[in-house]
Amino acid sequence: MKYLQLKGIWVYYSKQEPVLKGLDLEVDKGELVALLGPSGCGKTTTLRVIAGFIIPQRGNVTIEGRDVTKTSAHKRNIGIVFQSYALFPHMTVRLNITYGLRIRNIERGEMENRANKIADMLGLQGLEDRYPSQLSGGQQQRVALARALAIQPDILLMDEPLSNIDPKFREKVRAEIKKVQRELEVVTIYVTHDQEDALGIADRVAVMNKGLIEQISPPTEIYERPKTSFVADFMGFENIFPIQLVTGGEQPSVTVRNVALRVEELDRDGKYVALHPSKLMISTEPKPNLEEIKGKITDKSFKGDRVKYFLETALGELTVLSSAKQFSIGDDAYVCYAPGDVLVLRG
Amino acid sequence: MRIPFYAVSLLTLSILLTPIIMPLLISFSVSETITFPPQGFTLRWFGNIFNYESFAKGFIASSSIAFTASFLAIALSLPASYVLYRHKTLRLKGLIESLFTLPMLMPEIVLSYMLLLFAYRAMGVISALSLIIGHVLVVMPFGMRVIYASLSNLGGDIEDAAVSLGRDRLRAFMDVVLPNIKQGFVGGSLTCFMVSFNAVSISLFLSFGDSMPLPIAMLNYLQIRYDPTIAALSALLVAFTVALSFAVERTVGLVSQVR
């Protein structure tokens, strides 16, 4: 039995397009699942359904087999870290952290114990008597996390927790969150629109599009083997083309704009073909064991250790991320690829 | 650079303050009529205020009306603002919002006349009730604005946070929303009180019998006599307003600085 289950969740407001269209999600004990998607895809709505702030028109939510679809939010024992942190401005750090414990009438000694433990874990010692407005953004975020974890929640929900953190510190904070989550083994749903954020923290990443999960897989798998063109696009496959024709035989290939691209495995239902810019090579002449497409460099942008080239080819515009820096705009060049890196997608 | 800046500031301030300072000076004048510049010094006119019974009665009437009207206006504004603040996707939200602030745009005299008609038609007679209703209508947009603004500034997340931590909606609101809109509350109430206190035309149209609000009493007095008593009373009212604002600043303002 899965720890958290969402089955066929529908949410719609009056006559508008439904926000969630029969969403399914299953999460194991101790797992951290990231919901990744563009704004308006329904990821925050999914979070609010789990929290109990939105009752879905159809479908149900179960936690450890208990159906909680109609359970009020305040009875669900779910910790939430809001994007705005939502700390209580009129309470000190200590009062913020112990708020949920005071509601539960936990005995004083036990309460202080728990609060101290969580404050230690998140490095909040010495800040207990400050007010939220006297803290830095990172500290506020840790207080928000401490407050949510103090109630020993069945599920932890995080809504874009890093969006207000300075990009320089994001990686560090992400590692901190991951560490605490592992230590407490709390089931966590982590909402983000940042691909790097999701891949960096999650056990599994669920990419959402228009009210449904398009694919849910471990980070390496979803990055290397996206199943749909939408997921591929989100994972940075900048070269995605519709397939005209699939050809079998000794050397299977797919045809795009009358150009045949060699593939490793044949998929008769393939609709799109995707090439990741970093899997392509740029070269002055064809390379042995690799396939090639001829093109002309139309633009380039410097990315530090690598250069992004834009080439005009028979396929259309191709983007190549390469460590070779010697090419200039206007040069003729070959884009080389291994058939195994040509990804055929069904949707 | 600095000197022209101060000069302009001083000029602007003096233009703004002259109408307030003039009656202050006149109120100490010995002259039997309102003259400027004032002559001599006397406290006679201040004493005179208390000889004229209508002023004390008017002050009590105005204060009670203003107090009741602000209380009702705030009590109505709170749930109305709350609904608008919680339901971001409410249909016709813009229309509802402007509906609540509409009385502010309506000329007060028109509103007063319509209320007078309404009071006669619907209630048969003008009474304390119609007077209060009129005042509530006039002051509510001000209360609504302040309270809605403080709720919007606060954002909805902190209430949801309290709910997720185990409080039901109502108590979450009491615990974490109310304490943080306290300033809006006091500010809104004070604004309502002042607006009601000064709502001359509503009072003029809807006052009755003994319940003569202070501004009406002052107008009546001016029609009979033209001495500095009114100036002295105005000076007292200015002091009253300043004291009230100061008290609010001390109680609510200080709290905000602690945070």
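Everything quoted here is computed from the prediction, not taken from an experiment.

**Student:** Could you give me a rundown of the overall build of chain B, with the residues and numbers involved?
**Tutor:** Each helix and strand in chain B was counted, giving 12 helices and 0 strands. When the 259 residues of chain B are sorted by exposure, 33% land in the buried category. Considering only residue pairs separated by 6 or more positions, chain B has 75% of its internal contacts joining residues 24 or more positions apart.

**Student:** Tell me about the overall build of chain A, and please be specific about residues and values.
**Tutor:** On a plain count of helices and strands, chain A comes out with 8 helices and 21 strands. In terms of its C-alpha atoms, chain A occupies a principal-axis envelope of roughly 75 × 45 × 35 Å. Taking all 347 residues of chain A together, 38% fall into the buried category. Considering only contacts in chain A between residues 6 or more positions apart, those separated by 24 or more positions represent 64%.

**Student:** Can you explain the sheet that holds strand S20 (residues 332–337) of chain A? Please cite residues and give values.
**Tutor:** Residues and elements named next belong to chain A. The 5 strands are arranged S16-S20-S17-S18-S19 in an open sheet whose pairing can be described as antiparallel. Two strands close off the open sheet at either side, each with one partner strand: strand S16 (281–283) and strand S19 (316–322). Recorded for the sheet is a direction-independent mean angle of 45° between the axes of neighbouring strands. When strand S17 (residues 291–302) meets S20, the two strands line up antiparallel, connected through 6 bridges.

**Student:** Tell me what's going on with the environment of Pro38(B), and back it up with residues and numbers.
**Tutor:** All names here are of chain B. With respect to the helices and strands, the residue Pro 38 is situated in the loop between helix H1 (2–26) and helix H2 (44–51). A sequence separation of 133 residues divides Pro 38 from Arg 171, and the C-alpha atoms of the two residues are 59 Å apart. Once residues within four sequence positions are removed from consideration, Pro 38 is found in contact with Leu 25, Ile 26, Phe 28 and Ser 29.

**Student:** So what's going on with the interface of chain A and chain B? Residues and values would help.
**Tutor:** Across the contact, 21 residues belong to chain A and 16 residues belong to chain B. Those elements that provide at least two residues to the side of chain A that touches chain B are strand S6 (78–81) and helix H2 (93–103) of chain A. Grouping the amino acids of the side of chain A that touches chain B by side-chain chemistry returns 14 nonpolar, 6 polar and 1 charged.

**Student:** Which residues make up the sheet that holds strand S14 (residues 259–262) of chain A, and what values go with them?
**Tutor:** All names here are of chain A. Here 3 strands make up an open sheet; going across it, the order is S12-S13-S14 and the pairing antiparallel. The open sheet has two edge strands with one neighbour each: strand S12 (245–247) and S14. Pairs of neighbouring strands in the sheet enclose a mean axial angle of 30°, with direction left out of account. Relative to S14, strand S13 (residues 253–256) is paired through 4 bridges, and the arrangement is antiparallel. If you follow Val 254 over to S14, its bridge partner there is Leu 261.

**Student:** Break down the nonpolar core for me, citing the residues and quoting the values.
**Tutor:** Judged by nonpolar contacts, the single largest core of 101 residues is most densely connected at Ala34(A), Ala146(A) and Ala206(A). Among the elements that take part in this core, helix H4 (residues 137–150) of chain A stands out by supplying 7 residues, more than any other. Residue contacts for Ala146(A): discarding those within four places in its chain leaves Ile97(A), Ile118(A), Ala119(A), Leu122(A) and Leu124(A). In terms of nonpolar packing, the next biggest core, distinct from the first, is built from 44 residues, Ala61(B), Ala66(B), Val138(B) and Tyr148(B) among them.

**Student:** If you had to explain unusual backbone geometry to someone new, which residues and values would you point to?
**Tutor:** Residue and element names in this part refer to chain A. Unusually for a residue other than glycine, Glu 64 sits at a positive phi of about 50°. Within the secondary structure, Glu 64 is located in the loop between strand S4 (58–63) and strand S5 (66–67). Its identity as a non-glycine residue notwithstanding, Asn 77 has a phi of 55°, on the positive side. Its place among the elements puts Asn 77 in the loop between S5 and S6.

**Student:** Before we move on, could you go through the confidence of the model for chain B and cite the residues and values that matter?
**Tutor:** In low-pLDDT segments, the atomic positions of the prediction should not be examined closely. Residue and element names in this part refer to chain B. On average, residues of chain B score 85 in pLDDT, and 95% of them are at 70 or above. Mean pLDDT values over the elements of chain B span from 75, in helix H12 (residues 229–258), up to 95, in helix H7 (residues 157–164). The ipTM, which scores confidence in the relative placement of chains, is 0.85 for this predicted complex, and the corresponding pTM is 0.82.

**Student:** If you had to explain the packing of helix H6 (residues 128–154) of chain B against helix H9 (residues 182–198) of chain B to someone new, which residues and values would you point to?
**Tutor:** Residue and element names in this part refer to chain B. Where H6 meets H9, the axes come as close as 8 Å, and the angle between the chain directions of the two elements is 160°. By the angle between their directions, the pair H6 and H9 is classed as roughly antiparallel. In terms of crossing hand, the pair formed by H6 and H9 is right-handed. Note on element contacts: H9 touches H6 through Gln 183, Gly 184, Phe 185, Gly 187, Gly 188, Thr 191, Cys 192, Val 195 and Ser 196, opposite His 135, Val 138, Val 139, Phe 142, Gly 143, Val 146, Ile 147, Ala 149 and Ser 150.

**Student:** Talk me through the pairing of S4(A); I want residue IDs and the actual numbers.
**Tutor:** Residue and element names in this part refer to chain A. Relative to S4, strand S1 (residues 4–11) is paired through 5 bridges, and the arrangement is antiparallel. The residue bridging Leu 6 from the neighbouring strand is Val 61, located in S4. Between S4 and S5, which pair antiparallel in sequence order, lie 2 residues; one of them, Glu 64, sits at a positive phi of approximately 50°.

**Student:** Go over the packing of helix H4 (residues 93–105) of chain B against H6(B) with me, naming the residues and quoting the values.
**Tutor:** Packed helices, taken two at a time, are described by the angle between their axes plus the distance between the axes. Residue and element names in this part refer to chain B. As a packed pair, H4 and H6 sit with axes 8 Å apart at the nearest point and diverge in direction by 125°. In terms of orientation, H4 and H6 fall into the oblique class. When the axes of H4 and H6 are compared, the crossing they make is left-handed. Packed against H4, whose contacting residues are Phe 100, Thr 101, Pro 103 and Met 104, the element H6 presents Leu 137, Val 138, Met 140, Pro 141, Met 144 and Arg 145 at the interface.

**Student:** Hey, could you go over the environment of Glu183(A) for me, with residue numbers and the actual values?
**Tutor:** For Glu183(A), the position within the fold is in helix H5 (residues 167–184). As a C-alpha pair, Glu183(A) and Met121(A) span 62 residues in sequence and 9.9 Å in three-dimensional space.

**Student:** Summarise H5(A); cite the residues concerned and give the values.
**Tutor:** If you check H5(A), its first and last C-alpha atoms are 26 Å apart, about what 18 residues at 1.5 Å a residue would give, namely 26 Å. Of the residues trailing H5(A), Glu185(A) is marked for its positive phi of about 50°.

Rules and cut-offs
Along each chain, residue indices are assigned from 1 in the same order as the chain's sequence is written. Lettering of chains starts at A and numbering of ligands starts at 1, both following the order in which they are written. In view of the model being predicted, local features appear only for residues whose pLDDT reaches at least 70, and side-chain atom pairs are presented and counted only at 80 or more, with totals across whole chains, interfaces and linings using the full set of residues. The secondary structure listing takes helices from DSSP runs of H or I that are at least 4 residues long and strands from runs of E that are at least 2 residues long, numbered from the N terminus. Buried residues are those with 20 or more other C-beta atoms within 10 Å of their own C-beta, exposed residues have 12 or fewer, and partly exposed residues lie in between; C-beta atoms are placed from the backbone. Residues are scored as being in contact if the C-beta atoms we place from backbone atoms lie within 7 Å. The rule for pairing is simple: two strands pair if DSSP sees at least two bridges between them. To get an axis, a line is fitted to the C-alpha atoms, and for a helix only the part in contact is used. The angle between two axes follows their N-to-C directions and goes from 0 to 180 degrees. Asp, Glu, Lys and Arg are counted as charged, while Ala, Val, Leu, Ile, Met, Phe, Trp, Tyr, Cys and Pro are counted as nonpolar; the rest, among them Gly, fall into the polar class. Core membership is restricted to buried Ala, Val, Leu, Ile, Met, Phe, Trp, Tyr and Cys residues, and these are joined into a nonpolar core through C-beta atoms within 7 Å. The predictor rates its confidence in each residue with pLDDT, a number between 0 and 100. Roughly parallel here means an angle under 35 degrees, roughly antiparallel means over 145, roughly perpendicular means 65 to 115, and every remaining angle is called oblique. We call a crossing left-handed when the near helix sits turned anticlockwise from the far one by less than a right angle, and right-handed when that turn is clockwise. In this scheme, a helix's expected span is set at 1.5 Å multiplied by one less than its residue total.

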